Amino acid sequence: MIQQRIRTGIIGCGKVTHLHAKALSSLPESEFVAIYSRDLDKARQFAGQYQVLPYNNIKEMVHQAALEAVIICTPHPNHADGAVAALEAGANVLVEKPMASTLQDCHRMIQAARENKLLLGIVCQRRFYTPAMRVKNAIDEGKIGKPILGTVQMLGWRDEHYYKSDPWRGKWLEEGGGVMVNQAPHQLDLLQWYMGDIDELYGCWANLNHPYIEVEDTAIAVLCFKNGALGNIVVSNSQNPPLFGNVHVHGSNGASIGVQTDGGAMFI
């Protein structure tokens, strides 16, 4: 029995779009058919590379190309508008991290998905790294007993050129935050995947050595999980050269497991 392919499209022609386009073009489950950009000429140029249809109107794209799913690859401040438009037009949505720049926009996206009975997801590809999956399997199989302590350490570096590479980077209104919103979400996602829901937390943030940006370059937090476990987060873009990004889980039987998802210069 031949599985019917899902008709897919992409919203946004940013830096990460080519990765998604190549994936959607090669996956046997996907029929990649359309690309959106506010700049129709840009959409046409991109569409020509992948033999898909160009659009500068999201709802028209979803309807005319009969899309079932789209991926949001726009800058942070545009995630919500694109996602809501696609959901209201009838397409399931996968969003590049972070979900949005503000909590209000996140709520807007969730509400649109619920009202239209569609799926809304966030890209968390590090869950599929083989070492990350081995950690999850070890926890699920009870090999460390009960997880009682989880930690994230992500010590990286971003220079002035990085923040000037896009006009929205490093600003509260556009980027929505700094290291916590843009660089650390993958490690934070793994921590919650391993440890469960968070009950309460206390945190501090600072801009330690990036005077040319508004947002934080360093943040720390202490967490209490709903299952009684504790956690600690230390993330920073202030280490030059950059070091690593890792997540560790310590169990009630004394065993410890962990994964280093990134090493050295994580932004290439």
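Residues numbered from 1 in each chain as written. Predicted model: local features only at pLDDT ≥ 70, side-chain atom pairs only at ≥ 80, totals over all residues. Heavy atoms only, no water.

J.: Would you take a moment to explain helix α1 (residues 17-26) for this structure?
T.: Structurally, the α-helix is built with 3.6 residues per turn, so residues lying three or four positions apart point the same way. For α1, the set of buried residues is Thr17, His20, Ala21 and Leu24. Buried residues in α1, looked at end-on, bunch into an arc of 100°, giving them a common side. Away from its buried face by more than 90 degrees, α1 exposes Leu19, Lys22 and Ser26. Buried residues in α1 make contact with β1 (6-11), β2 (30-36), α2 (40-50) and β4 (69-72). (Buried < 20%, exposed > 50% of the residue type's maximum accessible area, 1.4 Å probe, protein only. Helix = DSSP H or I, 4+ residues; strand = E, 2+ residues; numbered from the N terminus. Arc of directions from axis to C-beta. Contact = heavy atoms within 4.5 Å.)

J.: What's the story with the packing of helix α4 (residues 79-89) against helix α5 (residues 103-115) in this structure? I'm lost.
T.: Between two packed helices, what matters for the description is the angle formed by their axes and the separation of those axes. At a closest axis distance of 9 Å, the pairing of α4 and α5 adopts a crossing angle of 10°. Here α5 runs roughly parallel to α4, going by the angle between their axes. Residue-level contacts link His79, Ala80, Asp81, Ala83, Val84 and Leu87 of α4 to Asp105, Arg108, Met109, Ala112 and Ala113 of α5. (Axes fitted to C-alpha atoms, helices over the stretch in contact; angles between N-to-C directions. Parallel < 35°, antiparallel > 145°, perpendicular 65-115°, else oblique.)

J.: Looking at this model, I keep getting lost on unusual backbone geometry. Mind explaining?
T.: The bulk of non-glycine residues show a negative phi, and the bulk of peptide bonds are trans. In this model, Lys97 is joined to Pro98 through a cis peptide bond whose omega is -10°. Inspection of the secondary structure puts Pro98 in the loop between β5 (92-95) and α5. Of note, the bond from Asn240 into Pro241 is cis; its omega dihedral lies within 30 degrees of zero at 10°. You can see Pro241 is positioned in the loop between β10 (230-236) and β11 (244-251). Its identity is not glycine, yet Gln51 carries a phi of approximately 55°, on the positive side.

J.: Could you clarify how one ought to interpret the pattern of salt bridges in this entry?
T.: Between side chains of opposite charge, a pair can form as their charged atoms come close. Scanning the model with the defined rule gives twelve salt bridges in all. With a closest N to O distance of 3.1 Å, Asp105 and Arg108 form a salt bridge. With Asp105 and Arg108 both in helix α5 and three residues apart, this pair spans about one turn of that helix. Asp105 gets classed as buried once you look at its relative accessible area, which sits at 17%. Exposure remark for Arg108: the relative accessible area of 33% places this residue in the partly exposed category. Notably, a salt bridge pairs Glu160 with Lys164, separated by 3.1 Å at the nearest N-O pair. Taken together, the residues span about one helical turn, with Glu160 and Lys164 both in helix α7 (residues 160-164) at a distance of four residues. (Salt bridge = Lys/Arg side-chain N within 4 Å of Asp/Glu carboxyl O.)

J.: Would you mind going over the pairing of β5 with me for this structure?
T.: One face of the sheet, then the other: side chains in a regular strand alternate in exactly this way. Only one face of β5 is buried: it carries Val93 and Val95, and the other face, with Asn92 and Leu94, is open. In this structure, β5 lies alongside strand β6 (residues 120-122), joined through three bridges in parallel fashion. Note that in β6 the partner of Val95 across the bridge is Ile122. In terms of handedness, the path from β5 via α5 over to β6 forms a crossover that is right-handed. (Pairing = 2+ DSSP bridges. Right-handed = clockwise from strand over helix to strand, strands pointing away.)

J.: When you look at a nonpolar patch on the surface in this model, what are you seeing that I'm missing?
T.: There is a patch of nonpolar side chains on the surface, built from Ile148, Leu149 and Leu230 and spanning about 240 Å² of accessible area. Position of Leu230 relative to the elements: it lies in strand β10. (Patch = residues over 30% accessible without salt bridge, like charges linked within 9 Å, V, L, I, M, F, W, Y side chains within 5 Å. Areas by Shrake-Rupley, 256 points an atom, 1.4 Å probe, with all protein chains shown as cover.)

J.: Got a minute to help me understand the sheet that holds strand β8 (residues 198-206) in this structure?
T.: Remark on secondary structure: sheet strands pair via backbone hydrogen bonds, oriented parallel or antiparallel. Pairing in this open sheet of six strands is mixed, and the strands run β8-β9-β10-β7-β11-β12 from one edge to the other. Of all the strands in the sheet, just β8 and β12 (256-263) have a single pairing partner and so form its edges. Mean inter-strand twist for the sheet, computed between neighbouring axes without regard to direction, equals 10°. Two elements, β8 and strand β9 (residues 218-225), share eight bridges in a ladder whose sense is antiparallel. Residue pairing across strands places Glu200 opposite Cys224, the latter belonging to β9. Its contacts with the sheet place helix α6 (residues 130-140) against β7 (147-155), β11 and β12, and it is angled at close to 160° to β12.

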